[in-house]
Amino acid sequence: MSEGLKITIGQEGDGLLISFEGLIDEDSNFSELDGKIKGKVIFDFEKVSLINSCGIREWVNFLESVDKDSVLVYRNCRQIIIEQINMVHGFIREGATVESFYAPYYCEDCDKEFKMHLKVSDVKGSSAPAVKCPDCGSDEMEFDAIEEQYFQFIK
């Protein structure tokens, strides 16, 4: 049994803030958003724990119903969301932007993996920015993916 998807709707400045929490799967229902998506809309994926193939289909179908004049911003995209943006045509529609996301890093000193929160503006070209280890402070954290593939969504 799925824990489901919780959708929270709020305001942020002149835009609508829609936060998602939980699983985006075959049981995800975006109908409560029908007719509410107008103007600037920020989709916050901070608390999304999983998205499966059926959830991807539901998301793409939902986006097709969104007003074409809306300005869509993706915020706090987990690695699972970035992977879908990079692979699935229609997961992010033309004109939409990613504001911030998580990227995989590895600290050799700690022997730990971290998901580091970045802004798109932190990435220059297809090069991962240098970040300090949140545990030991090392400046030697390695980006733990193929930069050109992972940052494909920025183009």
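Residues numbered from 1 in each chain as written. Predicted model: local features only at pLDDT ≥ 70, side-chain atom pairs only at ≥ 80, totals over all residues. Heavy atoms only, no water.

S.K.: What should I look at first to understand the sheet that holds strand β7 (residues 112–119) in this one?
M.R.: On the basis of which strands lie adjacent, the open sheet formed by 3 strands has the order β7-β6-β8 and antiparallel pairing. Strands at the two margins of the open sheet, each flanked by one partner only, are β7 and β8 (142–143). Bridging between strand β6 (residues 100–107) and β7 involves 8 bridges; their strand directions are antiparallel. Within β7, the residue paired with Y102 across the bridge is H117. (Pairing = 2+ DSSP bridges. Helix = DSSP H or I, 4+ residues; strand = E, 2+ residues; numbered from the N terminus.)

S.K.: Mind showing me how you'd approach the layout of surface pockets here?
M.R.: Space left empty within the atom packing is revealed by a probe, the size of a water molecule, rolled over the atoms. In this structure, the largest pocket occupies an estimated 260 Å³ of space. Lining the largest pocket, in full, are I85, N86, I92, A96, T97, V98, V120, Q152, F153, I154 and K155. Of all elements in the fold, only α2 (79–87) and β5 (97–98) reach the threshold of two or more residues within the lining of the largest pocket. Its residues assigned to classes, the lining of the largest pocket comprises 7 nonpolar, 3 polar and 1 charged. Lining the second largest pocket are V60, L63, E64, K68, I85, V88, H89, G90, I92, R93 and E94. (1 Å grid on protein atoms, 1.4 Å probe; cavity = no way out; pocket = protein on both sides within 12 Å on 5 of 7 lines; lining within 4 Å. Points joined across faces, edges and corners; volume = space filled by probe spheres on them. Nonpolar A, V, L, I, M, F, W, Y, C, P; charged D, E, K, R; others polar.)

S.K.: Hey, could you run me through helix α1 (residues 53–65) in this one?
M.R.: Structurally, the α-helix is built with 3.6 residues per turn, so residues lying three or four positions apart point the same way. Taking 1.5 Å per residue as the helical rise, α1 with its 13 residues ought to reach 18 Å, and the 19 Å between its terminal C-alpha atoms agrees with that figure. Of all the residues in α1, the buried ones are G55, I56, W59, V60, F62 and L63. End-on view of α1: buried residues confined to an arc of 160 degrees, all on one side of the axis. Counted as exposed and oriented over 90 degrees from the buried face of α1: S53, E64 and S65. The secondary structure elements touched by the buried residues of α1 are β2 (15–24), β3 (40–51), β4 (71–75) and α2. The opening residue of α1 is N52, an N-cap whose side-chain oxygen sits 3.1 Å from the backbone nitrogen of C54. (Expected span 1.5 Å × (residues − 1). Buried < 20%, exposed > 50% of the residue type's maximum accessible area, 1.4 Å probe, protein only. Arc of directions from axis to C-beta. Contact = heavy atoms within 4.5 Å. Polar contact = N/O pair within 3.5 Å; in protein donor to acceptor, adjacent residues only side chain to side chain.)

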